[in-house]
Amino acid sequence: MNERGKQVVVLCSGGQDSATCLRWAANRWEQVYTIAFDYGQRHRVELEAAASLAKLVGVVEHRVLPVSALAALAGNALTGSDMVRTETNARSGLPNTFVPGRNLIFLTLAAAWAYQLGTSDLVTGVCQTDYSGYPDCRESTIAALSQTLQAGMEYPFTIHTPLMHITKAQSIELIRQEGGLELLAHTHTCYNGAVPPCGECSACILRARGFSAAGIPDPLLERLGRV
Ligand code: ZN
């Protein structure tokens, strides 16, 4: 790991994992920058949640970058008109919520901004433990991308992934330990973009299981008066 500087760039999607990463980073770096991506996601509530989290933590700057190329490719449930289903794509074996190349593009753009800021540290909430099997969330993918970014920009990046090997329940425990549990009241997880969350999509189910296993009520549901 490189020597830690004063600044860090956190990828902030507005979900509970990015909230956890944001609190974790704010406890470790003096100046936090957040970056979110407008890739034509059907649910603008995600971007609103990302901005709220950045404001609550008090980041130096929150930037939203347009990535319209992903919407132009479309063909998945998060950017296209497909309904969110829990079944997998027969060819790839991946859920239809998988957006090919998304994390690779996001991390590359975040690294480009970090380069401009003169910081080497990036934080992202990818996790290979109890996810949907997205190949761009695996540790081996992140390690390979980190090498590619360092080679391609001749710059010493470190991609921190504090959630990589922990379960959803452990990540909820982590944000509580980091003093940020209330941030989860301002996150958005539901794949159907529903507020209050639909409770039926795979993202809602995963979230509910995590809180149940952690033995902690979901602050989002508490804020919305659902518990
Ligand atoms: Zn849902």
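Residues numbered from 1 in each chain as written. Predicted model: local features only at pLDDT ≥ 70, side-chain atom pairs only at ≥ 80, totals over all residues. Heavy atoms only, no water.

**Q** Which parts of the structure should I look at to understand the side chain of Asn103?
**A** Mapped onto the elements of the fold, Asn103 is located in helix H4 (residues 102-117). Not counting the four nearest positions on each side in its chain, Asn103 is found in contact with Val126, Asp136 and Cys137. (Helix = DSSP H or I, 4+ residues; strand = E, 2+ residues; numbered from the N terminus. Contact = heavy atoms within 4.5 Å.)

**Q** How should I be thinking about the sheet that holds strand E2 (residues 31-38) in this particular structure?
**A** Hydrogen bonds between backbone groups are what pair the strands of a sheet, and the pairing can be parallel or antiparallel. Judged by pairing direction, the sheet is parallel, and its 5 strands sit side by side in the order E3-E2-E1-E4-E5 without closing on themselves. Edge positions in the sheet fall to strand E3 (61-66) and strand E5 (158-160), since each has one partner strand and no second. Averaged over all neighbouring strand pairs, the angle between strand axes comes to 25 degrees, with direction disregarded. Each of strand E1 (7-11), E2, E3, strand E4 (121-123) and E5 is contacted by H4, which is oriented at about 145 degrees to E2, the strand it contacts most. (Pairing = 2+ DSSP bridges. Axes fitted to C-alpha atoms, helices over the stretch in contact; angles between N-to-C directions.)

**Q** What's the story with the coordination of the zinc ion in this structure? I'm lost.
**A** Six octahedrally arranged donors around a metal ideally form angles of 90 or 180 degrees; four tetrahedrally arranged donors ideally form angles of 109.5 degrees. Looking at the zinc ion, the protein donor atoms are Cys190 (SG), Cys198 (SG), Cys201 (SG) and Cys204 (SG), and they sit 2.3 to 2.4 Å from it. Coordination at the zinc ion is tetrahedral, judged from the 4 donor atoms that bind it and the angles of 103 to 117 degrees they form at the metal. Mapped onto the polypeptide sequence, the residues donating to the zinc ion form the spacing pattern C-x7-C-x2-C-x2-C. Of the two residues, Cys190 sits in the loop between helix H6 (168-177) and helix H7 (202-214) while Cys201 sits in the loop between H6 and H7, which places them 11 residues apart along the sequence. The exposure class assigned to Cys190 is buried, which follows from its relative accessible area of 2%. (Donors = N, O, S within 2.8 Å, 3.2 Å for Na, K, Ca; no water. Tetrahedral: all angles 85-135°; square planar, octahedral: opposite > 155°, others 65-115°. Buried < 20%, exposed > 50% of the residue type's maximum accessible area, 1.4 Å probe, protein only.)

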